[in-house]
Amino acid sequence: MDTKRELNERERDILKSVIQHFIASGKPVGSRILSKERNQRISPATIRNIMADLEEAGYLVQPHTSAGRVPTDMGYRFYVDNLLESSCLNSSDQELINGRIFTPDSQDNVMERISQAISHATNNVGFVISPSLGHSLLKHLELIHLGDSKILVITVSKSGLVQNRIIRIDESFTQRELDQTARFLNENYSGYSLLSIRDDILKKMKEDKALYDRFLNNVILLCDRGLIDEVAEPDVDIYLDGASNFLGQPEFADTERMRSIFKTFEEKNRLVKILNQCLQARPGQGVRIIIGSENSLPGLREYTLISSPLTIHDRNLGSVGILGPTRMEYGKAINTVDYVAKLYGQILGADSGSGEAARL
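Treat the numbers as computed from the prediction; the structure is a model and nothing was measured.

**Student:** Report on the pattern of salt bridges, specifying residues and quantitative values.
**Tutor:** A full pass over the atoms with the stated rule returns eight salt bridges. Note that Lys16 is salt-bridged to Glu85, the shortest N-O span being 3.4 Å. Here Glu85 lies in the loop between helix H4 (73-83) and helix H5 (91-101) and Lys16 lies in helix H1 (residues 9-25), a separation of 69 residues in the sequence. Residue Lys332 pairs with Asp93 through a salt bridge whose shortest N-O separation is 3.7 Å. Taken together, the residues span a long stretch of sequence, with Lys332 in helix H12 (residues 330-347) and Asp93 in helix H5 at a distance of 239 residues. Overall, the relative accessible area of 11% leaves Asp93 in the buried class. Via salt bridges that share partners, Asp13, Glu37 and Arg38 belong to a single interconnected network.

What follows is the structure, encoded as structure tokens:
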């Protein structure tokens, strides 16, 4: 395959048309459709020759001898990188997303509303990977003794995200001690992350040895023993919405393929690991697009992952994104992820002066 030569203007135009038609219909695109679209200015025979050249170069493939062509992963990549016109999300889609995220009477938490908004706007699976517990900005914390060396930790972040987690410790705490610890943290460290709380207390203990007592030692101990364990899978969570959007798409007529992706969705811890591995394979800021075979994991090589990680002041605040078939409306999907990521940043305190964040 000659994959290094530059495409001329006519080849770029035909490739763009094939991809746009295939995205819209899900059916192989023939030369007659493209010729009619150009009012016969280019004959079907000429277009067939161009499509054959694009196939030889690796951008298109012909599923059957008598069928038209469909894009390859390489074709989609060229389309996204070179042919997709830059634009912003239109105002009606912005209003739709805002209306779903900033719903005052919703019983769902903000992460669920964000994943629902992404799914509804794109007809794909929308996902949100929550910030790690250690980096979330604390609004309120409760510690509940469960017995058997187990403590239930309930944290409410500034964004309104509620996370429940059970930690196990060897030391013995009474409920009174846990209440004192939680009250101390709530009164003195609201707006801090658990990581910064631990660091601040350690700093103060070094400055004044008198502060090193059992009470503050308990605070440090609880922060270290699970509250900020960034390695553990339960430290983050994933919110998914829109898996049913796959049901009506021709790519999922194969029941085995459908069963496989739904099984992946059910195993949330595994899915978090898969998505994080894919995202780490494409370093850099902003919206990341990983198409089909570019995915390092076999289970996602028939899908496109569009995601925007949120890192502010070296703090990992999770990510938002879309998972769908390689045949998707890329322009709208990219704009949606970019727009929602900016709202997500405002909600999590990246822009404390944001009017939208204040409405939550």
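Next comes the rest of the write-up.
**Student:** Which residues make up the sheet that holds strand E5 (residues 150-157), and what values go with them?
**Tutor:** The strand order E4-E5-E6 describes an open sheet built from three strands, whose pairing is antiparallel. Of all strands in the sheet, those bounded by a partner on one side alone are strand E4 (138-147) and strand E6 (162-168). Put simply, the sheet's adjacent strands are angled 20 degrees from each other on average, direction ignored. Alignment of E4 against E5, held across eight bridges, turns out to be antiparallel. What sits directly across from His145, in E5, is Ile151. Seen against the sheet, helix H7 (residues 175-188) touches E4 and E5 and runs at an angle of roughly 170 degrees to E4.

Cut-offs applied
- Residues numbered from 1 in each chain as written.
- Predicted model: local features only at pLDDT ≥ 70, side-chain atom pairs only at ≥ 80, totals over all residues.
- Heavy atoms only, no water.
- Salt bridge = Lys/Arg side-chain N within 4 Å of Asp/Glu carboxyl O.
- Helix = DSSP H or I, 4+ residues; strand = E, 2+ residues; numbered from the N terminus.
- Buried < 20%, exposed > 50% of the residue type's maximum accessible area, 1.4 Å probe, protein only.
- Pairing = 2+ DSSP bridges.
- Axes fitted to C-alpha atoms, helices over the stretch in contact; angles between N-to-C directions.
- Contact = heavy atoms within 4.5 Å.

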